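Residue-level listing of the chains:
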Amino acid sequence: MGKYFFSDGDFIKGYVALRNDTAHHLIHALRVKKGELVTLCDGKGTDWKGVLRETDVKRGICRFDVSDPTPCQTEPAVPVTLYQSLPKGDKMELIIQKCVELGVCGIVPIYTAHSLVRDAGKRTARYQRVVESAAEQSMRGIIPRVSPPLTFAQAVATRDICAKTFVALSPGEIKNIDPVKPEVNPISLFGVFRNPLPERINLWIGPEGGFSSEEINALLTAGAVPISLGRRVLRTETAAFTALAQINLLTECAGYDLPR
């Protein structure tokens, strides 16, 4: 059976009480029986073995005896915060779901010059539910947070300045780099990962129309490293998946003599 998260308030006198939608799913969809084993997680990186003690169908509660706390082994070696330009339609939900599966630790939706979505703030609660479902499915040790959407300027101003910042640029965006600056050529992630690994990473992904020249130069001025994800032009959702997969590979293989 899968993994389920609980909050501090659910840990009562040596057992965990799961409620609401989670309990309903366990009782009515999975039809759990007394004595069945599940993995429970406190959302802070610790897993617990949970054995079902009882179900309260009327109140919608499942109570589990818990034991054997162990550190979760599924969290990435280097935390990545994704600064994702808001795409049109329902693509943001897909991006959130898959990026949580790939290990992202935080998501900041941003309005950019070429963003077509202007009302994403109404969807923040739904985005967080998508995160929670994906975190359980992929056996994460934390529940990443989706922040309320920010303007590009707000995101730059409030970014984690201690994290290594990468901005993914497509071939078409390279021409938007300020020509009065020294020549800047995006390089692959293989070319920028050197030991020691960065402690934290900010990853910026542009919208369907790409970052504007002003946005690219603002990021470069703020110290961002321009990266290329390949010779092809990727959709905004594909770029996020590709970058995270590459980061996962490079952090997992740290210490090996990889080709550059």
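Residues numbered from 1 in each chain as written. Predicted model: local features only at pLDDT ≥ 70, side-chain atom pairs only at ≥ 80, totals over all residues. Heavy atoms only, no water.

1. Points about the pairing of strand β6 (residues 61-71)
Then comes step 1: Pairing of strand β3 (residues 15-19) with β6, which is carried by five bridges, proceeds in the antiparallel orientation. Looking at the pairing, Ala17 lines up with Arg63 of β6.
Then comes step 2: In this structure, strand β5 (residues 46-56) lies alongside β6, joined through nine bridges in antiparallel fashion. Residue pairing in the sheet places Glu54 in a bridge with Arg63 of β6.
Then comes step 3: Here β5 hands over to β6 after four residues, with Gly60 in that stretch at a positive phi of 65 degrees. (Pairing = 2+ DSSP bridges. Helix = DSSP H or I, 4+ residues; strand = E, 2+ residues; numbered from the N terminus.)

2. Notes on unusual backbone geometry
Then comes step 1: The backbone of Asp68 sits at a positive phi, close to 55 degrees, despite the residue not being glycine.
Then comes step 2: Mapped onto the elements, Asp68 comes out in strand β6.
Then comes step 3: What makes Asp68 partly exposed here is its relative accessible area of 46%. (Buried < 20%, exposed > 50% of the residue type's maximum accessible area, 1.4 Å probe, protein only.)

3. Observations concerning the side chain of Ser115
Then comes step 1: Among the structural elements, Ser115 can be located in the loop between β8 (106-111) and α3 (124-137).
Then comes step 2: Residue classification places Ser115 among the buried positions, given a relative accessible area of 5%.
Then comes step 3: Excluding residues that lie within four positions of it along the chain, Ser115 makes contacts with Leu86, Ile110 and Pro207. (Contact = heavy atoms within 4.5 Å.)

4. Focus: the sheet that holds strand β4 (residues 37-41)
Then comes step 1: Within the open sheet, the six strands sit side by side as β1-β4-β5-β6-β3-β2. Their pairing is mixed. Two strands bound the open sheet, and with one partner strand each, they are β1 (3-5) and β2 (11-12).

5. A short note on the pattern of salt bridges
Then comes step 1: On inspection of all chains with the given rule, the structure shows eleven salt bridges.
Then comes step 2: The closest approach of N and O atoms between Lys44 and Asp8, which form a salt bridge, is 3.1 Å. Residue Lys44 is located in the loop between β4 and β5, and its partner Asp8 is located in the loop between β1 and β2; the two are separated by 36 residues in the primary sequence.
Then comes step 3: In this structure, Asp68 and Lys49 form a salt bridge, with 3.2 Å as the shortest nitrogen-oxygen distance. Taken together, the residues span a long stretch of sequence, with Asp68 in strand β6 and Lys49 in strand β5 at a distance of 19 residues. (Salt bridge = Lys/Arg side-chain N within 4 Å of Asp/Glu carboxyl O.)

6. Considerations on α3
Then comes step 1: Relative to the 20 Å expected for 14 residues at 1.5 Å per residue, α3 spans 20 Å between its end C-alpha atoms, a close match to the ideal helical length.
Then comes step 2: When we look at burial in α3, the residues that qualify are Thr124, Tyr127, Gln128, Val130, Val131, Ala134 and Ala135. The buried side chains of α3 occupy one side of the element, clustering within an arc of 155 degrees when seen end-on. Exposed and facing more than 90 degrees away from the buried side of α3 are Arg129 and Gln137.
Then comes step 3: Close packing links the buried residues of α3 with β1, α2 (91-101) and β9 (145-146).
Then comes step 4: At the exit of α3 stands Met139, carrying a positive phi of roughly 60 degrees. (Expected span 1.5 Å × (residues − 1). Arc of directions from axis to C-beta.)

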